[in-house]
Amino acid sequence: QVQLVESGGGLVQAGGSLRLSCAASGSIFSINTMDWYRQAPGKQRELVAATTSGGSINYADSVEGRFTISRDNGKNTVFLQMNSLKPEDTAVYYCNAEVILDDWGSTWFGWGQGTQVTVSS
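These lines cover the structure that appears in this document, whether it is placed above or below. Nothing here was measured: the structure is a model prediction, and the numbers come from that model.

## Remarks on the overall build of the chain
Link 1 in the chain: A tally of regular secondary structure across the chain gives 0 helices and 11 strands.
Link 2 in the chain: Along its sequence from the N terminus, the chain presents helices and strands in the succession β-β-β-β-β-β-β-β-β-β-β.
Link 3 in the chain: Taken against the 2.2 N^0.38 rule, which gives 14 Å for 121 residues, the C-alpha radius of gyration of the chain at 14 Å falls within 12% of a compact globule.
Link 4 in the chain: In terms of its C-alpha atoms, the chain occupies a principal-axis envelope of roughly 50 × 25 × 25 Å.
Link 5 in the chain: Taking all 121 residues of the chain together, the buried fraction comes to 41%.
Link 6 in the chain: Taking as baseline every contact in the chain between residues at least 6 positions apart, the subset at least 24 positions apart corresponds to 56%.

Put into structure tokens, the structure is as follows:
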């Protein structure tokens, strides 16, 4: 069983910074995608930033230039450095990953438990 465990959320004033971490554990052969999503009250979950094992990185327009996603493949961990935070960044942030389980390409796709980020005005 693969698990994703997030940390680093909290309360911060507008303009401040937070660094989120998500560590994958379990039966992992390799990790393909490892991404961050967020969900604000009354809204659908949306992609914030995405990575692939090939090095591709994509950001939502609303965060590009302020957020940086990075991966430590040796530790099966993805980070989200969030700078210049705005109140509209307030949401539960979720780690997502597609994990390769074996040589045959079996995959696991799932989510972490989420970590709350609250940005005050």
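## Details of the pairing of strand S8 (residues 77–82)
Link 1 in the chain: In terms of burial, S8 is a largely internal element, 5 of the 6 residues being buried.
Link 2 in the chain: Relative to S8, strand S3 (residues 18–25) is paired through 6 bridges, and the arrangement is antiparallel. Bridge pairing in S8 places alanine 23 opposite threonine 77.
Link 3 in the chain: Across 6 bridges, strand S7 (residues 67–72) lies against S8 in antiparallel orientation. Its bridge partner lying in S8, threonine 68 is registered against glutamine 81.

## Structural notes on the pattern of salt bridges
Link 1 in the chain: Applying the stated criterion across every chain yields a total of 3 salt bridges.
Link 2 in the chain: Among the ionic pairs, arginine 38 bridges to glutamate 46, the shortest N-O distance being 2.8 Å.
Link 3 in the chain: Overall, the relative accessible area of 38% leaves glutamate 46 in the partly exposed class.
Link 4 in the chain: A salt bridge links arginine 66 to aspartate 89, with the shortest nitrogen-to-oxygen separation between them at 2.8 Å. Residue arginine 66 is located in the loop between strand S6 (57–59) and S7, and its partner aspartate 89 is located in the loop between S8 and strand S9 (91–100); the two are separated by 23 residues in the primary sequence.

Definitions and limits used
- Residues numbered from 1 in each chain as written.
- Predicted model: local features only at pLDDT ≥ 70, side-chain atom pairs only at ≥ 80, totals over all residues.
- Heavy atoms only, no water.
- Helix = DSSP H or I, 4+ residues; strand = E, 2+ residues; numbered from the N terminus.
- Rg over C-alpha atoms; globule rule 2.2 N^0.38 Å.
- Buried < 20%, exposed > 50% of the residue type's maximum accessible area, 1.4 Å probe, protein only.
- Contact = heavy atoms within 4.5 Å.
- Pairing = 2+ DSSP bridges.
- Salt bridge = Lys/Arg side-chain N within 4 Å of Asp/Glu carboxyl O.

Structural measurements only, silent on function.
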